Amino acid sequence: MNPVLTMDSATLSPIHLFLQADWVVKGVMIGLLLASIWTWALIVAFWRRIGKTRKNMTRFERDFWKAEDIDVFYKAEGENDLPSARVFAAGVTEWRRSTAGGTIDKSGTRERLATTMGAAVAGEIDKLSDRLNVLATVGSVAPFVGLFGTVWGIMRSFTSIAAAQNTSLAVVAPGIAEALFATAIGLFAAIPAVIAYNRFSHGINRIEASLNRFADGFHTTLSRQLDGSR
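Residues numbered from 1 in each chain as written. Predicted model: local features only at pLDDT ≥ 70, side-chain atom pairs only at ≥ 80, totals over all residues. Heavy atoms only, no water.

1. Regarding the overall build of the protein chain
Quick note on the threshold: Helix numbering and strand numbering both begin at the N terminus, where a helix is a DSSP run of H or I of at least 4 residues and a strand a DSSP run of E of at least 2. Burial classes: relative accessible area under 20% of the type maximum marks a residue as buried, over 50% as exposed, and values in between as partly exposed (1.4 Å probe, protein chains only). Whether two residues are in contact is decided by their heavy atoms, any of which lying within 4.5 Å being enough.
On a plain count of helices and strands, the protein chain comes out with eight helices and zero strands. Across the protein chain, helices and strands are ordered from the amino to the carboxyl terminus as α-α-α-α-α-α-α-α. Residues classed as buried in the protein chain amount to 39% of the 230 residues present. Of the contacts made within the protein chain by residues no fewer than 6 positions apart, 79% connect residues no fewer than 24 positions apart.

The following block contains the structure:
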């Protein structure tokens, strides 16, 4: 009995299941494995990017609110690559354009500042969200691709039953096992993608909220300067 059990265990191993699958199921498995590798690469990249961005934005905003002169702070931090720094730079640029003439349209300046910084916030969120849709796509599509491989493998098992005219477990088990293995790979790719997508979407939403608060605060500061100008 033991040699038979050992042989069956080897036959149903993941590597053997892949090797004995037909080309359709193999294609499904390879595609899902590549999607899983890509997913994990994106997860690591997003995790590092979002964590670093939030940390540096907190430092930037803390230094900004401590600064006594906006022009001096702009010279020091205006070329920074952070989202909050780009929003700040957009606000300063629009402020200088709107107040360059002799007569200042206060209402128009306030509106242009709000529009410019709002557009800058939206642009920075778009950059941070780049390729996040890949995680959503993998999370929603991978289970169905794995299910396709499962259906194909089960159909192949039924064909084997008809050809062998034998319904014993030894005949149908390999085909059913490879079919279920395709579903398992699909879930292996989809579950981390869905979890990561939800987590990173929450992180990006928090960054967007932080940028909007910073833009509103900066807009208020510039509005006070407008009130003091002629």
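2. Observations concerning the layout of surface pockets
Here is the rule: Of the two site types, the cavity is a set of points on a 1 Å grid over the protein atoms alone where a 1.4 Å probe fits but cannot get out, and the pocket is an open set with protein on both sides within 12 Å along at least five of seven lines, each lined by residues with an atom within 4 Å of a point. Grid points are joined across faces, edges and corners, and a volume is the space filled by probe spheres set on the points. Note on residue categories: nonpolar means Ala, Val, Leu, Ile, Met, Phe, Trp, Tyr, Cys or Pro, charged means Asp, Glu, Lys or Arg, and polar means any other residue, Gly included.
Empty space within the largest pocket amounts to approximately 190 Å³. At the level of secondary structure, the elements contributing two or more residues to the lining of the largest pocket comprise α3 (23–66), α5 (83–98) and α6 (106–128). Broken down by element, the lining of the largest pocket gets its largest block of residues, four residues, from α3. Residue composition of the lining of the largest pocket, by class: three nonpolar, two polar and six charged.

3. Quick word on helix α4 (residues 70–77)
Operational definition: Working note: the arc is built from the helix axis to C-beta atom directions. Here a polar contact is taken to be a pair of N or O atoms separated by no more than 3.5 Å, where protein atoms must pair a possible hydrogen donor with a possible acceptor and residues adjacent in sequence count only if both atoms sit in side chains.
Those residues of α4 lying buried are Ile70, Phe73, Tyr74 and Glu77. For α4, the buried positions fall inside an angular range of 105° around the axis, keeping them on one side. In α4, the exposed positions angled more than 90 degrees off the buried face are occupied by Val72, Lys75 and Ala76. At the N-terminal boundary of α4, the capping side chain belongs to Asp69, with an oxygen 2.8 Å from the backbone nitrogen of Asp71.

4. Observations concerning a positive patch on the surface
The following threshold applies: For patches, a residue must show more than 30% relative accessible area and have no salt bridge; joins then use 9 Å for like charges and 5 Å for nonpolar side chains, namely Val, Leu, Ile, Met, Phe, Trp and Tyr. Each accessible area is a Shrake-Rupley estimate made with a 1.4 Å probe; only the visible protein chains count as cover when residues are assessed. Should a side-chain nitrogen of Lys or Arg be within 4 Å of a carboxyl oxygen of Asp or Glu, the pair is scored as a salt bridge. Only four residue types enter the charge count, namely Lys and Arg as positive and Asp and Glu as negative; His and the chain termini do not. Think of each charge as sitting on NZ of Lys, CZ of Arg, CG of Asp or CD of Glu.
Side chains of Arg54, Arg199, Arg206 and Arg213 sit close together on the surface and give a patch of like positive charge. No other element matches helix α8 (residues 169–228), which puts three residues into the positive patch. Summarising the element assignment, Arg213 is placed in helix α8. On the basis of relative accessibility, which here comes to 56%, the residue Arg213 falls in the exposed class.

5. Concerning unusual backbone geometry
Although it is not a glycine, Arg131 adopts a positive phi angle of roughly 75°. Along the chain, Arg131 falls in the loop between α6 and α7 (132–164).

6. A few points about the pattern of salt bridges
The final tally for this structure, using the stated rule, is seven salt bridges. Residues Arg59 and Glu77 are paired through a salt bridge, measuring 3.5 Å at the closest nitrogen-oxygen approach. Residue Arg59 is found in helix α3, and its partner Glu77 is found in helix α4; the two are separated by 18 residues along the sequence. On the basis of relative accessibility, which here comes to 17%, the residue Glu77 falls in the buried class. One salt-bridge network, in which partners are shared between bridges, spans Asp81, Arg86, Glu124 and Lys127.

7. Some details on the packing of α3 against α5
Put simply, the test is: Axis definition: a line fit to C-alpha positions, over the contact stretch in the case of helices; interaxial angles, taken between N-to-C directions, run 0 to 180 degrees. Oblique is the label for every angle not falling under 35 degrees (roughly parallel), over 145 degrees (roughly antiparallel), or within 65 to 115 degrees (roughly perpendicular).
Here α3 crosses α5 at 40°, and the two axes come no closer than 8 Å. In terms of orientation, α3 and α5 fall into the oblique class. Each of Thr53, Met57, Phe60, Glu61 and Phe64 in α3 lies in contact with α5, whose residues at this interface are Pro83, Ser84, Ala85 and Phe88. Split by residue class, the contact of α3 with α5 holds six nonpolar, two polar and one charged.

8. So, the packing of α5 against α6
How two helices sit against one another is set out by the angle between their axes and by the gap between those axes. This is how the line gets drawn: Less than a right angle of anticlockwise turn of the near helix away from the far helix marks a crossing as left-handed, whereas a clockwise turn marks it as right-handed.
For the pair α5 and α6, the least separation of the axes is 9 Å and the interaxial angle reads 155°. Put simply, α5 runs roughly antiparallel to α6. In this structure, α5 meets α6 at a crossing whose hand is right-handed. Along the contact surface, α5 presents Pro83, Arg86, Val87, Ala90, Gly91, Glu94, Trp95 and Ser98, while α6 presents Thr109, Arg112, Leu113, Thr116, Met117, Ala120, Val121, Glu124, Lys127 and Leu128.

Honestly, it's all geometry; don't read function into it.
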